[in-house]
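Fold and geometry: a report
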Amino acid sequence: MASRSAGQTHLTQDMEGDEAGTDEREMDSEEEGEEAMGEETSDDEADSSEDEKENEAEIQRLEEQLSINAFDYNCHVDLIKLLKQEGELLRLRKARQKMSELFPLTEEIWLDWLKDEIRLTEEESNREKVYEIFERAVKDYICPDIWLEYAQYSIGGMALPGGIDKVRAVFERALTAVGLHVTKGQMVWEAYREFENVILTTVQPPPGKIPSHQEQELLNAQLERIHMLFRRQLAVPLMDMEATYAEYEEWADGVRETVQLQYKKALQLMEKCKAFEEALMVAEPPKLAEYQAYIDYEMKEGDPARIQMIFERTLAENCLVPDMWAKYTAYLDRQLKIKDLVLSTHERAVRNCPWTMGLWKGYILALERHCADHQTVLDVFEKALNAGFIQATDYVEIWQAYLDYLRRRVDFSKESSKELEELRSTFTRSLDYMKQDVEERFGESGDPSCIIMQIWARIEALHCKNMQKARELWDNIMTKGNAKYANMWLEYYNLERSYGDTVHCRKALHRAVQCTSDYPEHVCEVLLTFERIEGSLEDWDVAVQKTETKLNRINEQRVKVAEKEANIARLEEERTQQRRKAKAEKKAQKKIQKGVCVGEKRKVEQDDYANEWNEDLEQGPKRHKGNGDQMSEELMETETGLFGKTAPPGFKKVSRGTKTEGAMATAQREHQPELRNDNCSIFISNLAYTLEEPEAKLRIVFDSCGPIKQIRPVFNNKGGFKGYGYVQFESQVSVPEALKLDRKEVEGRPMFVSPCVDKSKNPDFKVFKYNTSMEKHKIFISGLPFSCTKKLLEEICQSHGSVKEVRLVTYRSGKPKGLAYVEFANESQASQAVLKLDGMEVEGNRISVAISNPPRRNAMDKPSSSRLSTDMMPRQFHGSRGKGRTQLSLLPRSLNRQSGSENKVENGTSAQSAAATNTATDTKPLSNADFARMLLNK
């Protein structure tokens, strides 16, 4: 040891000498470094001071905003973050306290607050403040982590008087609260056992020492505590309980048979719960469907403690779901009925979802049910009025709930009492509140039928025998726009009939006959029945005269209204016909001005469809030589409809393979054999007219489907792309793959892909792939915002069932219509979705939801029906492709007369069109040239 010390001394001296030399050599560089560091420090200080100023300004802004609107949740969170960043612990404590008074805090906010308070109390030596915060924290949600932190903090005070008992009390409360938590409850059990094991080490005597009788008793009692903790834990189904059993088996040197039976029973329960726990682990938030299935299972099992725990776990992750709070509080009200548990849960429910009137109403009823003092109920009601309900009718219901509570407090056997005066004053206050506060906020009273005044009037008549007050109330009801409704007068009449007299009954019915406008027949019948039973002959005559006069006047008004509606409908129909006629004349005039022969135009279109596929694209180029000039190329396209003529100016040449491949004369093409093969082909439509190089674009789109034999886009007579075409594959196998690309977007428009079928040979062929009958497992949604995406709609619907498919309906251009179809796994889920989603707001739009039931398609709308209806509509035959673009007959108006001939001729026109000027004679049919001359007035 001495030599080692000496060596260390020499090493130390050498290091000191080296350091001295180093100090002398590096003095200058250190001075320069200090100067540089000083400059950097000053810059850092300047930056930090600027940041502090900015943060302080932001803190002041947030505090001012909260002084204006204390219910801004995000503002509270931002303020707490800034104050924590600045280290303002005292201001941070006040900010957290204010937020906790208004909102339940999340687990993360509570844990941060508790850690900061624990750090402060170490300096102040005041543990009671931290205990108070822990007590507030465990009331907001059932959080195992907070309970574990509470227990661990209490262990730090076990040395104080009564400290061990305090720790055990906290652990026991924690086990009651979260000991049944399947996934996290094990942490609390193990922490409790660890604490008791530490106590065991303190009471165990040293090895070799024989304990005294008192020490042995303490030791046995501590061992029994640990045994009991193991037994209690093994009787509860928890995750990884097999490891706990193995630990107990090793610690106790064997397990009793009773404990084994309890453990096996709990293990069986755990096996049943595993499926639900695994579903929760893999599910994405909010996991409502998975939690609901778990709740349903526990409700069938019937263990109240386990049902309570699964509800608490659900609400810890879905604290803003009012329906779940309503289900939980209803279960507690009807099953457990434990006052502290029921009332605390109701309080938590309204703090989490204060905008839900039903939760406040349930809270008031629970307070009355558990005999809470009147001031407590009044305070809760006042908070409900300030909660900010969504609808005006919510305020009517909450007032009704409170007025019902006050009515049940009144002893009506006494003529006058404090409770009765309070009831009447509250009725008056409710009417003022509905008139001033609710109408100003919502623009409506929320109580158009004056339900509150009706209840008040009935209480005055039934309990207080004060018909004069009841009549005053009903007069007020009728002045608020209810005098025209028969049911309101009959309600008043029934009140008078029960608690009034005959004179006022007759007076009410006479006023009803005079004022009612919705169902006057019903009121008249009641009046005549009343006079038949109660009245004299004079009364009967007056009643008959009044009712007849009223009904005659009503019938006259109804006739006038019907005539007015018929005139409006007739005028609207005339305007529609005029617009159609003007539009038809305008189009016909345009064709006359252009000098286009209508008959030729129709023939061109028919020939165009007939010759669409009669082209051999493998024909070599046709070359022309003349006068020694160089050879020139001329591409001829049958789609232009020119039939051998050169392409018009502006026609876009479509490249097919090489530059010269596919250039041929129309005359040569007509002699080639037909290459059309419908089985290997598809029809493409709804493409943009402005699509450049459509053949090349379509080749890229369909290249993945299989080898392509030819692509044939169709052009009009000006060379412009018509938005549709055909693709023929080498093999029929490629067609199903190509049909999968239906609705694929091509430059912003959905492309329609359908089988290539000659509808003239297959008139019953349908391309429409969606069902047109009622589908009870599918819902139809309208009123969606145009910005709504498929993903957003799927997220909205997933909470109501298993969504199989979501389809947004769009125009042909790809723009949304605001409509959608959503398919669920079964009918019950679709029905639940209709009930929950109908009337819901999505991005500011109120949507309508119903079971999918598309309107039946008219037989006249089907393309094939036009052939069957030629006899009824001789001039509206539209051919195999349905109606034309103009839907106008191309027959000149001068020839547009009925004839007796019904014979059909080619191109879908009738013989009467060709012989319109002769009736069933042998006059020579007019040619296309004759039609042209008539149109051009030649």
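See the structure printed just above.
Residues numbered from 1 in each chain as written. Predicted model: local features only at pLDDT ≥ 70, side-chain atom pairs only at ≥ 80, totals over all residues. Heavy atoms only, no water.

**Structural notes on the sheet that holds strand β7 (residues 749-755)**
Spatial ordering of the open sheet is given by β4-β5-β3-β7-β6, a layout of five strands whose pairing is antiparallel. Looking at which strands have only one partner, the edges of the open sheet turn out to be β4 (708-715) and β6 (744-746). When the angles between neighbouring strand axes are averaged without regard to direction, this sheet yields 30°. Across four bridges, strand β3 (residues 681-685) lies against β7 in antiparallel orientation. (Pairing = 2+ DSSP bridges. Helix = DSSP H or I, 4+ residues; strand = E, 2+ residues; numbered from the N terminus. Axes fitted to C-alpha atoms, helices over the stretch in contact; angles between N-to-C directions.)

**A look at the packing of aromatic side chains**
Two aromatic rings are characterised by how far apart their centres lie and by the angle between their planes. On inspection of all chains with the given rule, the structure shows 31 aromatic pairs. An angle of 70° between the planes, with centres 5.6 Å apart, marks the rings of Y131 and Y153 as edge-to-face. With Y131 in helix α6 (residues 128-140) and Y153 in helix α7 (residues 144-155), this pair connects stretches of sequence that are 22 residues apart. Side by side, Y131 and Y153 carry an identical accessibility label, which is buried. Grouping aromatic residues by their ring pairs yields a cluster made of F381, F389, Y395, W399, Y402, Y405, Y433 and F442. The aromatic ring of Y153 is capped on one face by R127, whose charged end is 4.0 Å from the ring centroid. One Lys or Arg, K166, reaches over the ring of Y131 and ends 4.4 Å from the middle of that ring. (Phe/Tyr/Trp six-rings, centres within 6.5 Å; stacked < 30°, edge-to-face > 60°. Buried < 20%, exposed > 50% of the residue type's maximum accessible area, 1.4 Å probe, protein only. Lys NZ or Arg CZ within 6 Å of the ring centre and 35° of its normal.)

**Details of the environment of V170**
Within the secondary structure layout, V170 lies in helix α8 (residues 163-178). Take V170: its relative accessible area is 2%, and that puts it in the buried class. When the C-alpha atoms of V170 and A151 are compared, they prove to be 5.8 Å apart, with 19 residues separating the residues in sequence. In contact with V170, not counting residues within four places along its chain, are W147, Y150, A151 and S154. (Contact = heavy atoms within 4.5 Å.)

**Some thoughts on helix α3 (residues 73-86)**
The end-to-end C-alpha distance of α3, which contains 14 residues, comes to 21 Å, matching closely the 20 Å that a straight helix rising 1.5 Å per residue would cover. Considered for burial, the residues of α3 that qualify are C75, H76, V77, L79, I80, L82 and L83. A positive backbone phi angle near 80° is found at G87, which sits one or two residues after α3. (Expected span 1.5 Å × (residues − 1).)

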